[in-house]
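What follows is the residue order along each chain.
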Amino acid sequence: MVSEDVTARPATVAMTASTLRVAVLVPCFNEEAAIGTVVADFRKALPQAQIFVYDNNSRDRTAEIARAAGAEVRSERRQGKGHVVRRMFADVDADIYVLVDGDATYDAPSAPRMIEALVNDHLDMVVGVRIDQSAAAYRRGHRTGNRMLTGFLSAVFGHAFRDMLSGYRVFSRRFVKSFPVLSDGFEIETELSVHALELALPVGEIETPYYARPEGSVSKLNTWRDGFRILGTILRLYRSEKPLRFFTGIGVVLALISIVLAIPIIITFIEEGVVPRLPTAVLSTGLMIVAMLSVSSGLVLDTVTRGRREMKLLAYLSQPAINKK
């Protein structure tokens, strides 16, 4: 993984902007207070990029303001950021994709540096690591939850990003067109990170300033609710991507419980030649059978998962790499 400091030299991406198609993707839900600023800032930072704002059933003037600012506005009726990202990745055709939230908290001038890192270092994803510029920008609960979930992801998948939940990312076409979006909400960032880790794709991180929302803009995130949803997503991805470990773990726990229940029964049988607690013996036997079935299921699903991973990798390789020339 490539990492770069926020104080790094300014990027020069004139060559990239003139030879590669860059699309800025902005999912939005009730962001009329910020979307005009977001579109204007990215038009200035990436003048040759095409900006797409996807309105997700906003009840305010988000779409109208975005269109007036010069963005191409489209809509997605199924509620949830995951649904919007799935639609954007499917509909938009480009060489480089910049994904950013429409709340004006991310730093548009950092986009050229992120694109330069993607192109020059031959990466497939660059994550903007948030460096908060004020106490109101990054609430303590969100920061703590991000650290805990990032640590859990590292423990489960062996490696993690410094800011797993960042909504500011740059992708290659290879990544976007081979990524099967399954999430429907804010768990999408977790899914993006796990996809890159599982396929061992080349990724990088660049520190970017992170600002507080402008006045009148309200966050849709709930620290506890969304935190548990993301944790559940990690567990589901662990079950689907590493089934042998997952089901073997369950089998080991059940086998240990079975053994603990069986030891007194075996001792009694050796000493007295009888099995006085038949229900416990049946329970112990049943638990051991289920434990063996769990391990067997893990073995079968591990073969299936390997095939799925190979298919995703083939889909990734079927897309052309970024050519700077």
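Provided above is the structure to which this section pertains.
This section reports on the structure supplied with the text. (Residues numbered from 1 in each chain as written. Predicted model: local features only at pLDDT ≥ 70, side-chain atom pairs only at ≥ 80, totals over all residues. Heavy atoms only, no water.)

Broken down by element type, the protein chain carries eleven helices and eight strands. In the protein chain, which comprises 325 residues, the proportion classed as buried is 48%. Within the protein chain, counting contacts between residues at least 6 apart in sequence, those at least 24 apart form 78% of the total. Summed over all atoms, the accessible surface of the protein chain reaches about 16,000 Å², with 60% contributed by carbon and sulfur. (Helix = DSSP H or I, 4+ residues; strand = E, 2+ residues; numbered from the N terminus. Buried < 20%, exposed > 50% of the residue type's maximum accessible area, 1.4 Å probe, protein only. Contact = heavy atoms within 4.5 Å. Areas by Shrake-Rupley, 256 points an atom, 1.4 Å probe, with all protein chains shown as cover.)

Another aspect to go through is helix α8 (residues 188-198). A large share of α8 lies buried, amounting to eleven of its eleven residues. Buried within α8 are the following residues: I188, E189, T190, E191, L192, S193, V194, H195, A196, L197 and E198. After α8 finishes, the residue A200 shows a positive phi value of roughly 55 degrees.

All right, on to the nonpolar core then. Counting 39 residues, the largest nonpolar core has L25, F89 and F171 as its most contacted members. Top contributing element to this core by residue count: α8, with five residues. Excluding residues within four positions of it along the chain, F171 makes contact with F89, D95, I96, Y97, L99, L118, D124, M125, V176 and L192. Counting 37 residues, the second-largest nonpolar core is a separate cluster that includes V38, F42, I65 and V98. (Core = buried A, V, L, I, M, F, W, Y, C linked by side-chain atoms within 4.5 Å.)

Take A23: it is sitting in strand β2 (residues 22-28). The exposure class of A23 is buried, given its relative accessible area of 2%. With 74 residues separating them along the chain, A23 and Y97 place their C-alpha atoms 5.0 Å apart. Once you skip the residues sitting within four places of it in the chain, A23 turns out to touch Q50, F52, V92, A94, I96, Y97 and V98.

Counted at 1.5 Å a residue, the expected span for helix α11 (residues 278-317) with its 40 residues is 58 Å, and the 58 Å between its end C-alpha atoms agrees. If you check which residues of α11 are buried, you get A281, S284, L287, A291, S294, G298, T305, K312 and Y316. (Expected span 1.5 Å × (residues − 1).)

Here H195 shows up in helix α8. In this structure H195 comes out as buried when scored by relative accessible area, which is 5%. With residues near it in sequence (within four places) discarded, H195 still touches F175, S178, F179, P180, L201 and K312.

In this model, the second largest pocket occupies a volume close to 330 Å³. What lines the second largest pocket is a set of 18 residues, and nearest its centre among them are L182, S183, E191, L237 and S240. Contributing elements (two or more residues each) for the lining of the second largest pocket: α8, α9 (223-241) and α11. In terms of residues, the lining of the second largest pocket owes the most to one element, α9, which gives six residues. Residues belonging to the lining of the second largest pocket are distributed by class as follows: five nonpolar, four polar and nine charged. (1 Å grid on protein atoms, 1.4 Å probe; cavity = no way out; pocket = protein on both sides within 12 Å on 5 of 7 lines; lining within 4 Å. Points joined across faces, edges and corners; volume = space filled by probe spheres on them. Nonpolar A, V, L, I, M, F, W, Y, C, P; charged D, E, K, R; others polar.)

Counted according to the given criterion, the structure contains 18 salt bridges. For K242, the salt bridge is made with E198, and the minimal N-O distance between the two is 3.6 Å. With K242 in the loop between α9 and α10 (243-272) and E198 in helix α8, this pair connects stretches of sequence that are 44 residues apart. With relative accessibility at 13%, the residue E198 sits in the buried group. (Salt bridge = Lys/Arg side-chain N within 4 Å of Asp/Glu carboxyl O.)

Of the two faces of strand β7 (residues 169-172), both are covered, the one formed by R169 and F171 as well as the one formed by V170 and S172. Relative to β7, strand β5 (residues 96-99) runs antiparallel, the two sharing four bridges. Paired with L99 across the two strands is R169, which belongs to β7. (Pairing = 2+ DSSP bridges.)

Looking at the secondary structure, you find A104 in the loop between β5 and α5 (111-120). Residues A104 and A34 lie 70 residues apart in sequence; the distance between their C-alpha atoms is 5.5 Å.

With that out of the way, let us pick up the packing of α10 against α11. Packed helix pairs are specified by the crossing angle of their axes together with the interaxial distance, meaning the distance between the axes. Where α10 meets α11, the closest approach of the two axes is 8 Å, and the angle between their N-to-C directions is 165 degrees. Between α10 and α11, the interaxial angle falls into the category roughly antiparallel. The way α10 lies across α11 gives a crossing that is left-handed. By residue class, the composition of the contact of α10 with α11 is 20 nonpolar, eight polar and one charged. (Axes fitted to C-alpha atoms, helices over the stretch in contact; angles between N-to-C directions. Parallel < 35°, antiparallel > 145°, perpendicular 65-115°, else oblique. Left-handed = near helix turned anticlockwise from the far one by under 90°.)

Here we come to the packing of aromatic side chains. Using the criterion set out here, one finds ten aromatic pairs in the structure. Consider the rings of Y238 and F246, whose centres lie 6.3 Å apart with planes at 75 degrees: the pair is edge-to-face. You can call Y238 buried: its relative accessible area is 18%. Through successive ring pairs, a cluster of aromatic residues spans F89, Y97, F171, F175 and F179. (Phe/Tyr/Trp six-rings, centres within 6.5 Å; stacked < 30°, edge-to-face > 60°.)

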